[in-house]
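Residue-level structure breakdown
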Amino acid sequence: MTRIAERLSAVKPSASMAASQAAKDLAATGVDVIDLGLGEPDFAAPAHITEAAFVTARSGRMLYTASLGTPELRRAIAAKFKKENGLDYAIDEIAVANGAKQIIFNALMATVNEGDEAILPAPYFVSYPEMVKLLGGVPVEPACTADKGFRLTPEVLEAAITPRTKWLFLNLPGNPTGATYDAAQLRALGEVLRRHPQVFILSDEIYEHIIFDDRAFVSFGRACPELRDRTLVVNGVSKAYAMTGWRVGYAAGPKDLIKAMATVQSQSCTSVCTVAQAAAQAALEGPQDEVSRFRIAFERRRNVVTQAVNRVPGLTLDAPEGAFYAYIGCAAYIGSRTPDGQVIADDQDFTRYLLAQAHVAAVPGAAYGLSPFFRISTATSEEVLIEAIRRIAAAVARLQTR
Ligand SMILES: Cc1ncc(COP(=O)(O)O)c(C=O)c1O
């Protein structure tokens, strides 16, 4: 008997937060730990953003706003979708929430009935399946393997769809692998989806600006305009503008869905903090040069990490196409033995070993639905990344493989 609601029994806390907490606990004992668990940019948000927040706070007009967000912010979001993604949305087709996470939660809360299925191509962002389960849905997790570039293919999508499918989640570029999709790949998925009108598509494009090797980012909405009536394009300021703590995410979608999400929001948090909305508006409307500076730094780090990891025997990593993570294969070490005789049975044992022996915190692939891998965040300095991989290399060299 527990006094906590049953719906929580199958829901896990965030694995990346757990990895980070384990790192903090170890650091509190005096150990020099490198925490590559959580994914947040290590840059300061551009100064004009913080300034806009100060101006709003000083105005004294700190009142509730419309649940969907201030009209000014939604106009800025509509202009961003038009300019950057070639998408036309009216402001009543746009929602603002406390982070992309709350946008996704509101969308699921507004649509998922008990037993409805959500297709989450694995590996996926850790929160997707937990939110689906929390709201009574069933995550369906087709494996999207490294040999397919961690991308969902039309065949795998077709096989995963059932009459109960309510949602397909896409994440481009993706957390944890960085894999992204070009227009032709998205259109091929769109062709399958056209045959299944019961399926909504959630395209999480929060890493849109962190994309490498001169790839052009194509929004799912742009590639498949004929699916507009069941597509929710999700984005936010957390990653592009180094604004994770401001908690502003947004989405564009069909009016009935956005209206239902507004109802969820109005009965839960009312609206997003007024100051944070002003900051997000300044981010979207202001100069964008810092965004490309961040992108260039992330690409350099991606290069450093890919080279360093591929020099470590038994670890595998194809250069991530975007985002700021490396999803590293560690199959060669599953079944190996630590110096004190313990067996590394899976990637969770592997990351536990890395924390204990290399003092590097990473997140096991099990959390993302595809093993054996581990994820490190590359949103830290090149020096720290090089030191972390040096430590990982030294630790795995002490493992006895068969
Ligand atoms: C794929 C993906 N979507 C959404 C989020 C959450 O973004 P926000 O800070 O806007 O809630 C993250 C954060 O790690 C993410 O990786």
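See the structure shown above.
Attention in this report is confined to the structure presented alongside it. (Residues numbered from 1 in each chain as written. Predicted model: local features only at pLDDT ≥ 70, side-chain atom pairs only at ≥ 80, totals over all residues. Heavy atoms only, no water.)

**Side note on the overall build of the protein chain**
Within the protein chain, the regular secondary structure consists of 13 helices and 12 strands. Taking all 402 residues of the protein chain together, the buried fraction comes to 56%. Here the contacts in the protein chain between residues at least 6 apart in sequence split such that 74% fall between residues at least 24 apart. With the model as given, the accessible surface of the protein chain reaches about 17200 Å², and the carbon-plus-sulfur share is 54%. With 41 positive and 43 negative side-chain charges, the protein chain shows a spacing of 2 Å between the two charge centroids. (Helix = DSSP H or I, 4+ residues; strand = E, 2+ residues; numbered from the N terminus. Buried < 20%, exposed > 50% of the residue type's maximum accessible area, 1.4 Å probe, protein only. Contact = heavy atoms within 4.5 Å. Areas by Shrake-Rupley, 256 points an atom, 1.4 Å probe, with all protein chains shown as cover. Lys, Arg positive; Asp, Glu negative; His and termini not counted. Charge placed at Lys NZ, Arg CZ, Asp CG, Glu CD.)

**Here we look at the site of the ligand**
Around the ligand there are 13 residues in total, and A100, N175, D204, Y207 and S238 lie nearest to it. Contact distances for the ligand include 3.1 Å between an oxygen atom and a backbone N or O atom of K101. The fraction of the free accessible surface of the ligand (400 Å²) that becomes covered by protein chains is 93%. A per-element tally of the shell around the ligand places helix α4 (residues 99-111) first, with 3 residues. Here the shell around the ligand is composed, by residue class, of 5 nonpolar, 4 polar and 4 charged. (Near = heavy atom within 4 Å. Polar contact = N/O pair within 3.5 Å; in protein donor to acceptor, adjacent residues only side chain to side chain. Nonpolar A, V, L, I, M, F, W, Y, C, P; charged D, E, K, R; others polar.)

**Some points on the nonpolar core**
Formed by 52 residues in total, the largest nonpolar core has its most connected members in L108, W167 and L232. A per-element tally of this core places α4 first, with 5 residues. Ignoring anything within four residues of it in the chain, the contact list for L232 reads A107, W167, I201, L202, S203, A251, A252, G253, L257, I258 and M261. V312, L317, I392 and L399 belong to the second largest nonpolar core, which has 28 residues in total. (Core = buried A, V, L, I, M, F, W, Y, C linked by side-chain atoms within 4.5 Å.)

**A short note on the pattern of salt bridges**
Applying the stated criterion across every chain, the model contains 25 salt bridges. The partner of D88 in a salt bridge is K82, with the nearest N and O atoms 3.1 Å apart. Salt bridges here are not isolated pairs; linked through shared partners, they connect R151, D213, R215, R295, E299, R302 and E321. (Salt bridge = Lys/Arg side-chain N within 4 Å of Asp/Glu carboxyl O.)

**Overview of the sheet that holds strand β7 (residues 231-236)**
Spatially, β2-β8-β7-β6-β5-β3-β4 is the arrangement adopted by the 7 strands of the open sheet, whose pairing is mixed. If you trace the sheet from one side to the other, it starts and ends with β2 (94-97) and β4 (138-140), each paired once. The sheet shows a mean angle of 20° between the axes of neighbouring strands, taken without regard to direction. One ladder, built from 4 bridges, connects β7 with strand β8 (residues 249-252); its direction is antiparallel. If you follow V234 over to β8, its bridge partner there is A251. Relative to β2, helix α3 (residues 71-85) is tilted by about 120°, and along the sheet it contacts β2, β7 and β8. Each of β3 (117-119), β4, β5 (165-171) and β6 (200-204) touches helix α5 (residues 127-134); the most contacted strand, β4, lies at about 145° to it. (Pairing = 2+ DSSP bridges. Axes fitted to C-alpha atoms, helices over the stretch in contact; angles between N-to-C directions.)

**With respect to the side chain of S203**
Turning to its location among the elements, S203 is positioned in strand β6. What makes S203 buried here is its relative accessible area of 0%. Within polar-contact distance, the side chain of S203 engages the side chain of E205 at 2.7 Å.

**Thoughts on the packing of helix α11 (residues 289-310) against helix α13 (residues 382-397)**
With their axes 10 Å apart at the nearest point, α11 and α13 run at an angle of 15° to one another. Comparing the axis directions of α11 and α13 gives the class roughly parallel. Read as a crossing pair, α11 and α13 show a hand that is right-handed. Residues R300, R301, V304, V305, A308 and V309 of α11 form the contact with α13, whose own contacting residues are E382, L385, I386 and I389. Considering only residue class, the contact of α11 with α13 consists of 7 nonpolar, no polar and 3 charged. (Parallel < 35°, antiparallel > 145°, perpendicular 65-115°, else oblique. Left-handed = near helix turned anticlockwise from the far one by under 90°.)

**Points about the pairing of β6**
Along any regular strand, the residues point their side chains to alternate faces of the sheet. Burial within β6 is extensive, with 5 of its 5 residues counted as buried. Where burial is concerned, the two faces of β6 agree: the one with F200, L202 and D204 and the one with I201 and S203 are both buried. Remark: the β5/helix α7 (residues 183-194)/β6 crossover connection has right-handed handedness. Across 4 bridges, β6 lies against β7 in parallel orientation. (Right-handed = clockwise from strand over helix to strand, strands pointing away.)

**Describing the sheet that holds strand β12 (residues 373-377)**
One open sheet accounts for 3 strands, arranged β9-β12-β11; its pairing is antiparallel. Either end of the sheet is taken by a strand with one partner, and the two such strands are β9 (325-329) and β11 (363-364). Strand direction decides the pairing type here: β9 and β12, joined by 5 bridges, are antiparallel. When the sheet's bridge partners are listed, A326 is paired in β12 with I376.

Function cannot be inferred from these measures alone, as they are strictly geometric.
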